[in-house]
2 protein chains.
Amino acid sequence: MSRQATIKDVAREAGVSTFTVSKALRNQPHVAPETRKRVLRAAARLNYSASKSAAALVSGKTKRVALLIGEQITGWFNGNIQEGVYDVLSTHGYDLLIYRAGTSEERAAFFRNLPAKRNADAIIVVSFTLAQKETKALQELDMPIVAIHSGATSFSQGSIRIDDCESEIEAVQHLASLGHTRFCFLDRFNPLPEYSWGANQRIIGYKKAIDRYHLVDCGVLTMDPDREHPARTAADRIASMTPAPTAICAWSDDCALALLSELRQAEIRVPDVVSIMGFDSSDVAALAGLSSVAQPARDIGAEAARKALQLINGSPLTEPHTQVKTHIIDRATTGPAPRDEGR
Amino acid sequence: MSRQATIKDVAREAGVSTFTVSKALRNQPHVAPETRKRVLRAAARLNYSASKSAAALVSGKTKRVALLIGEQITGWFNGNIQEGVYDVLSTHGYDLLIYRAGTSEERAAFFRNLPAKRNADAIIVVSFTLAQKETKALQELDMPIVAIHSGATSFSQGSIRIDDCESEIEAVQHLASLGHTRFCFLDRFNPLPEYSWGANQRIIGYKKAIDRYHLVDCGVLTMDPDREHPARTAADRIASMTPAPTAICAWSDDCALALLSELRQAEIRVPDVVSIMGFDSSDVAALAGLSSVAQPARDIGAEAARKALQLINGSPLTEPHTQVKTHIIDRATTGPAPRDEGR
DNA sequence: CTGAAAGCGCTTACAG
DNA sequence: CTGAAAGCGCTTACAG
């Protein structure tokens, strides 16, 4: 393969100056339609596409947005955030750069090297609570910051999130309205307490609701992924709880689903004996008929990207900090509390 | 915030030339230890980090690798591929750029605009079967191509994959060795046939195994995510199959898990009456105790990135096209075939 | 509406 | 071991 065509080649081919080529290709005004057409044809003929590096160097705009992910890239939430961010970036000609700050070493390395520096026009931070000096480091990036699901939002020019606490309260309230009084919370299975971005707000909401509506908390469970068959252990514990819960609120759909099949295996019928409510309303939840608190992760990602783009263009955000509503979807794992309450 | 420091600022601060700064900061030889130290200190003091754009422009190396994802970014497989790719890129100072070619419009746009052009040093293509002219377009990128799970591999300089067909054969064989003779296959729920990257190889393997070992295929099921409660419908269909299958092979863990809880709800005990085998061995599978065909997605991603890096450095690949083994993990959803075979 | 020139911030031969 | 100069491929004032 020969070398890539440059703007000069196109200029020569079209018989104009590089200035005109640059203007024409970026759809800028003040180019004669005829000239523009000639340039476009020449560019197509030479298979030309501009070097982003060169453009970035002179314009100071990289046409890239960085997504900094706490914890891990994988998973329903972060995955859908990525989809949403990509949805809007791609339609605006921006590229998506991924950074992960999972383990503490990785995290330290990110803030030490700051690889995003001068390498993107904005950064979106997701599922991340920043330490004091990390905030400072981020500011050094000298680019707009948008936060998704971040504890504090003071360091960002824009943010978007759901209210985890309130959402969980609503879930409990909903189940209480179905007659449930004895509850149990199934916590996330891979807690990284040091990095928590408000993930614990769900359980806080749960406990608040228990108090507020005078319900009974039968206990909080965690599944340990390093043990053999964690879901069965959890199901066994639930079976032996006294009093026995009739409603289970899970931290996520994945937790809920794993438990669900074990409850049924143990012949604790769902929703006849126990109701179970997931969180997220992921694809699998819909497939499996799992009731769940739905959060619009993809929309959240898209909105974050929109904010980033606005910030890049220097327009002030009409609503810098957005809170998104969740809603409860009743599928086949929630129902009225069983009659024989005194089980 | 004032403008970012440039290499000139550092040179002035350290009292050397920009040449020396450049050398020193990139850990290149032929710089006196004393000089290097002085440069590093000056850079730290000014909070300097080199502009990748400028470096890319002159060196021709962007220090970025693009990941082109077929279908969607979300999901266990693509997510873990991303983690693996990131694992090795980040330790080598490379950035990760994401491109998605999901819908056909998006796909067309990608190959029309070729946003990765001159924007990365290599491209990794995942879960993607390319049309003739797409292959040509990709070649125009003029950078090394590494394919993950791609049907044809002729367009790539390196590739890595599992053998979906063989893996499924082994799954069936394993269940047959447990005494099962009547099988059923639960297909993926979001098939995009036009883009299939060999995803259908699993079902082909299933059918091959049925033939080879003289087993009975009781049918192939698909869950339609657009219908109400797809898993229950699938469970009902299985319950009414004659002859009734005693072993179910699922396209993925997610499918399997959704079905599992419904089977148990319908009092079709697993594994007592029916065994079910997932595919992937995802986190949730381990949690839920789902038996599964394990594929090392993260390792595959890492290896693909390693190949890309080698190719970038111009070293020939010792093993350009790698095939990775899967292995079966028996958890709590597979067991011996039930005695009363004539159910 | 179009052009010639300067310059973005680096790296890379070429010298010494 | 270090420096002065050229140049990567664009965009951006400045002219006309």
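Residues numbered from 1 in each chain as written. Chains lettered and ligands numbered in written order. Predicted model: local features only at pLDDT ≥ 70, side-chain atom pairs only at ≥ 80, totals over all residues. Heavy atoms only, no water.

> Could you give an account of the packing of helix α1 (residues 7-14) of chain B against helix α3 (residues 33-46) of chain B, with specific residues and numbers?
Residues and elements named next belong to chain B. At a minimum axis separation of 9 Å, α1 and α3 run at an interaxial angle of 125 degrees. It follows that α1 is oblique to α3 by the angle criterion. For the pair α1 and α3, the sense of crossing is right-handed. Here D9, V10, E13 and A14 of α1 come into contact with α3, specifically with R38, V39, A42, A43, R45 and L46. When its residues are assigned to classes, the contact of α1 with α3 shows six nonpolar, no polar and four charged. (Axes fitted to C-alpha atoms, helices over the stretch in contact; angles between N-to-C directions. Helix = DSSP H or I, 4+ residues; strand = E, 2+ residues; numbered from the N terminus. Parallel < 35°, antiparallel > 145°, perpendicular 65-115°, else oblique. Left-handed = near helix turned anticlockwise from the far one by under 90°. Contact = heavy atoms within 4.5 Å. Nonpolar A, V, L, I, M, F, W, Y, C, P; charged D, E, K, R; others polar.)

> Talk me through α3 of chain B; I want residue IDs and the actual numbers.
Residues and elements named next belong to chain B. The terminal C-alpha atoms of α3, which comprises 14 residues, lie 20 Å apart, in line with the 20 Å expected from a rise of 1.5 Å per residue. Taken together, the buried residues of α3 touch α1 and α2 (18-25). Two residues or fewer past α3, N47 is found with a positive phi of approximately 60 degrees. (Expected span 1.5 Å × (residues − 1).)

> So what about the sheet that holds strand β8 (residues 247-250) of chain A? Which residues, and what values?
Residues and elements named next belong to chain A. Strand order in the open sheet formed by six strands is β7-β6-β8-β9-β10-β12, with mixed pairing between adjacent strands. Edge positions in the sheet fall to β7 (216-222) and β12 (327-329), since each of these pairs with one other strand and no more. Going across the sheet, the axis of each strand differs from the next one's by a mean of 25 degrees, ignoring polarity. Along the sheet, helix α8 (residues 164-177) makes contact with β6 (182-187), β8, β9 (275-280), β10 (292-294) and β12, crossing β9 at roughly 155 degrees. Lying on the sheet, helix α11 (residues 253-265) is in contact with β6, β8, β9 and β10; it crosses β9 at an angle near 155 degrees. (Pairing = 2+ DSSP bridges.)

> I'd like a rundown of the protein's contact with DNA strand D, residues and numbers included.
Looking at DNA strand D, there are 23 residues lining it, with I7 and S22 of chain A together with T20, T35 and R118 of chain B nearest. In this structure, Y48 of chain A approaches DNA strand D through a side-chain N or O atom, which is 3.0 Å from a sugar or linking oxygen. At 3.4 Å from a base nitrogen of DNA strand D is found a main-chain nitrogen or oxygen belonging to A54 of chain A. Looking at the surface near DNA strand D, the elements with two or more residues in it are α2 (18-25) and α4 (52-59) of chain A together with α2 and α4 (52-59) of chain B. When the residues that make up the surface near DNA strand D are grouped by side-chain class, the tally is 14 nonpolar, seven polar and two charged. (Near = heavy atom within 4 Å. Polar contact = N/O pair within 3.5 Å; in protein donor to acceptor, adjacent residues only side chain to side chain.)

> Which residues make up the domain arrangement of chain A, and what are the values?
By a frequent convention, interface size equals the accessible area lost on bringing the separate parts together. Residues and elements named next belong to chain A. Segmentation of chain A into domains returns domain 1 (7-50), domain 2 (64-162 + 297-324) and domain 3 (164-295). A C-alpha centroid distance of 30 Å is found between domain 2 and domain 3. Carbon and sulfur atoms make up 49% of the area that domain 2 and domain 3 hide from each other, which totals about 1,300 Å². The largest per-residue losses of area from domain 2 upon contact with domain 3 belong to E71, W76 and I162, which jointly make up 49% of the total buried on that side. In this assembly, domain 2 and domain 3 are joined by one salt bridge. Put simply, domain 2 and domain 3 have three residue pairs in polar contact (both at pLDDT 80 or more) between them. Counting residues per element, the ones that place at least two in the side of domain 2 that touches domain 3 are α5 (76-91), α6 (104-113), β5 (158-162) and α13 (297-312). Residue composition of the side of domain 2 that touches domain 3, by class: six nonpolar, eight polar and three charged. (Domains from an automatic or database assignment. Buried area = accessible area lost by both parts, 1.4 Å probe. Salt bridge = Lys/Arg side-chain N within 4 Å of Asp/Glu carboxyl O.)

> Describe the interface of chain B and chain A, listing the residues and the values that go with them.
The interface of chain B with chain A comprises 66 residues on the first partner and 66 residues on the second. With both sides pooled, the region where chain B packs onto chain A buries about 5,900 Å², and carbon together with sulfur makes up 48% of that total. When residues of chain B are sorted by the area they lose upon contact with chain A, Y86, R118 and L287 of chain B head the list and together hold 14% of the total. Put simply, chain B and chain A have eight salt bridges between them. For R264 of chain A, the salt bridge identified is with E262 of chain B, shortest N-O distance 3.5 Å. Taken together, chain B and chain A are joined by 39 residue pairs in polar contact (both at pLDDT 80 or more). Taken together, the residues of the side of chain B that touches chain A break down into 30 nonpolar, 17 polar and 19 charged. Looking at chain direction, strand β2 (residues 95-101) of chain A and strand β2 (residues 95-101) of chain B are connected through three bridges and run antiparallel. Each residue of the ladder has a partner; that of I98 of chain A, found in β2 of chain B, is L96 of chain B.

> Requested: an account of the protein's contact with DNA strand C, with residues and values cited.
Around DNA strand C sit 23 residues, and of these T20, T35 and R118 of chain A together with I7 and S22 of chain B come closest. With four residues, the top contributor of residues to the surface near DNA strand C is α4 of chain B. Its residues placed into classes, the surface near DNA strand C shows 14 nonpolar, seven polar and two charged.

> Give me the lowdown on the relation of the copies chain B and chain A, citing residues and values where you can.
Mapping chain B onto chain A calls for a rotation angle of 180 degrees and an axial translation of 0.0 Å; the resulting RMSD is 0.0 Å. Put plainly, the chains are arranged around a two-fold axis. The fraction of interface residues of chain B whose copies in chain A are also interface residues reaches 100%, indicating that both copies meet through the same surface. (Least-squares fit on C-alpha atoms with pLDDT ≥ 70 in both.)

> Give me the lowdown on the UniProt feature "domain: HTH lacI-type" (unreviewed entry) in chain A, citing residues and values where you can.
The sites that UniProt annotates as "domain: HTH lacI-type" (unreviewed entry) are residues 5-59 of chain A. Helix makes up 69% of residues 5-59 of chain A and strand 0%, with an end-to-end C-alpha separation of 21 Å. (UniProt positions renumbered as here; feature names shortened; annotations may be inferred.)

> Hey, could you go over the nonpolar core for me, with residue numbers and the actual values?
Within the largest apolar cluster, 144 residues are counted, with the highest numbers of intra-cluster contacts made by I123, I124 and L138 of chain A together with I123, I124 and L138 of chain B. When neighbours within four sequence positions are excluded, I124 of chain B is seen to be in contact with V65, A66, L67, L68, V85, V146, I148, A304, A305 and A308 of chain B. Counting 58 residues, the second largest nonpolar core, distinct from the first, contains L260, V284 and L290 of chain A together with I268 of chain B. (Core = buried A, V, L, I, M, F, W, Y, C linked by side-chain atoms within 4.5 Å. Buried < 20%, exposed > 50% of the residue type's maximum accessible area, 1.4 Å probe, protein only.)

> Residue-level account of the pattern of salt bridges, with values.
Summed over all chains, the structure comprises 36 salt bridges over all chains. For R227 of chain A, the salt bridge is made with D224 of chain A, and the minimal N-O distance between the two is 3.8 Å. A relative accessible area of 56% means that R227 of chain A is categorised as exposed. A relative accessible area of 32% places D224 of chain A in the partly exposed class. The partner of K37 of chain B in a salt bridge is E34 of chain B, with the nearest N and O atoms 3.9 Å apart. Placement of the pair is K37 of chain B and E34 of chain B together in helix α3, with a separation of three residues, close to one helical turn. Looking at E34 of chain B, the relative accessible area reads 48%, which means it is partly exposed. One continuous salt-bridge network, built from bridges that share partners, spans E83, D87 and R298 of chain A together with R100 and E106 of chain B.

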